[in-house]
Amino acid sequence: MLFLVKKAQKRDDQAFVELMEIYKSSMYKVARSYLRREEDIADAVSQTILDCYDNIVKLHDPKYFKTWMIRILINNCKDLIRQNQKEHLLEAPPEKGEECMELKNYEFQELMNSLDDKYRVILLLYYGEGFKIREIAQILEMDENTVKTRLSRGRKKLGQVYSLKPAAERR
């Protein structure tokens, strides 16, 4: 992976495309934890790809590429949320269409959506993306102890919500 990042920093477009292919699922999951509409998720991911392409030469340590990319994505998601709040658009009902392959596990998504954002994002970064507590603290720009506390509370809340579901629904 480090090799691809270094090649991409030297403006090797194919290496950059390969990196984006590797991380597209991770980017989708993180954006999904912040945004609800598929259009917004696509916008955030697209903008992140453009930002990474434009600025990859500024990345000091290639081993932190994923952390750097996820930080950019989170900032883009927050920008979209602020923009949508300012516009006060009426939300149209979702269009009927094919289900996204990423949303196969609907029950898990429902459980995660029942959590507050501050817990959902940390749980996703920790369990879904495999980031360490220190890395999550860097990405979210918060103290490591805060991340540990939110991770612990998020686990408890997830367990509480899950235990409230009837046994037939949990299967």
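Residues numbered from 1 in each chain as written. Predicted model: local features only at pLDDT ≥ 70, side-chain atom pairs only at ≥ 80, totals over all residues. Heavy atoms only, no water.

Asks: Could you clarify how one ought to interpret the packing of helix α6 (residues 117-128) against helix α7 (residues 133-140) in this entry?
Replies: Two quantities define a packed helix pair, namely the angle between the helix axes and the distance between the axes. Between α6 and α7, whose axes approach to 10 Å, the crossing angle comes to 135°. Here α7 runs oblique to α6, going by the angle between their axes. Seen along the crossing, α6 lies across α7 with a hand that is right-handed. Contacts between α6 and α7 involve Val 121, Ile 122, Leu 125 and Tyr 126 on the former and, on the latter, Ile 133, Ile 136, Ile 139 and Leu 140. When its residues are assigned to classes, the contact of α6 with α7 shows eight nonpolar, no polar and no charged. (Axes fitted to C-alpha atoms, helices over the stretch in contact; angles between N-to-C directions. Helix = DSSP H or I, 4+ residues; strand = E, 2+ residues; numbered from the N terminus. Parallel < 35°, antiparallel > 145°, perpendicular 65-115°, else oblique. Left-handed = near helix turned anticlockwise from the far one by under 90°. Contact = heavy atoms within 4.5 Å. Nonpolar A, V, L, I, M, F, W, Y, C, P; charged D, E, K, R; others polar.)

Asks: Where do I start with the confidence of the model for the chain in this structure?
Replies: Reading fine detail from the predicted coordinates is not recommended where pLDDT is low. When the pLDDT values of the chain are averaged, the result is 82; 80% of them are 70 or greater. Averaged pLDDT values for the elements of the chain fall to 66 in helix α5 (residues 106-113) and rise to 94 in helix α3 (residues 38-55). Overall, residues 88-94 carries pLDDT values under 50, and its contacts beyond four positions in sequence, including any with other chains, amount to two contacts. With pLDDT under 50 throughout, residues 100-104 is counted as low confidence; its partners more than four residues away or in other chains account for eight contacts. (pLDDT = per-residue confidence, 0-100.)

Asks: Just to check I follow, could you spell out the environment of Arg 155 for this structure?
Replies: Mapping Arg 155 onto the fold places it in helix α8 (residues 144-164). When the C-alpha positions of Arg 155 and Tyr 119 are compared, they lie 8.3 Å apart, and in sequence the two are 36 residues distant. Ignoring anything within four residues of it in the chain, the contact list for Arg 155 reads Leu 123, Tyr 126 and Tyr 127.

Asks: Explanation requested: the pattern of salt bridges in the structure shown.
Replies: Where charged atoms from two side chains of opposite charge approach closely, those side chains can pair. All told, the structure shown has eight salt bridges when counted by the stated rule. A salt bridge links Arg 36 to Asp 117, with the shortest nitrogen-to-oxygen separation between them at 4.0 Å. Here Arg 36, found in the loop between α2 (13-34) and α3, pairs with Asp 117, found in helix α6; they are 81 residues apart in sequence, far enough to count as distant. Residue classification places Asp 117 among the partly exposed positions, given a relative accessible area of 34%. (Salt bridge = Lys/Arg side-chain N within 4 Å of Asp/Glu carboxyl O. Buried < 20%, exposed > 50% of the residue type's maximum accessible area, 1.4 Å probe, protein only.)

Asks: Would you take a moment to explain the side chain of Thr 67 for this structure?
Replies: When you line up the elements, Thr 67 lands in helix α4 (residues 65-87). Each residue touching Thr 67, except ones within four places of it in the same chain, is listed here: Phe 131, Glu 135, Gln 138 and Ile 139.

Asks: Hey, could you run me through the packing of α2 against α3 in this one?
Replies: Between α2 and α3, the shortest axis-to-axis distance is 10 Å and the interhelical angle comes to 145°. Classified by chirality, the crossing of α3 by α2 is right-handed. Together, Asp 13, Phe 16, Met 20, Met 27, Tyr 28, Ala 31 and Arg 32 of α2 and Glu 38, Ile 41, Val 45, Thr 48, Ile 49, Cys 52 and Tyr 53 of α3 make up the contact between the two elements. Considering only residue class, the contact of α2 with α3 consists of ten nonpolar, one polar and three charged.

Asks: Would you take a moment to explain the packing of aromatic side chains for this structure?
Replies: The geometry of an aromatic ring pair comes down to the distance between the two centres and the angle between the two planes. With the rule as written, the count across this model stands at four aromatic pairs. Ring geometry for Phe 16 and Tyr 53: centres 5.2 Å apart, planes at 70°, overall edge-to-face. Taken together, the residues span a long stretch of sequence, with Phe 16 in helix α2 and Tyr 53 in helix α3 at a distance of 37 residues. A centroid spacing of 5.8 Å and a plane angle of 40° characterise the contact between Tyr 23 and Phe 65, whose relative ring orientation is tilted. Linking Tyr 23 in helix α2 with Phe 65 in helix α4, this pair joins segments that are 42 residues apart in sequence. (Phe/Tyr/Trp six-rings, centres within 6.5 Å; stacked < 30°, edge-to-face > 60°.)

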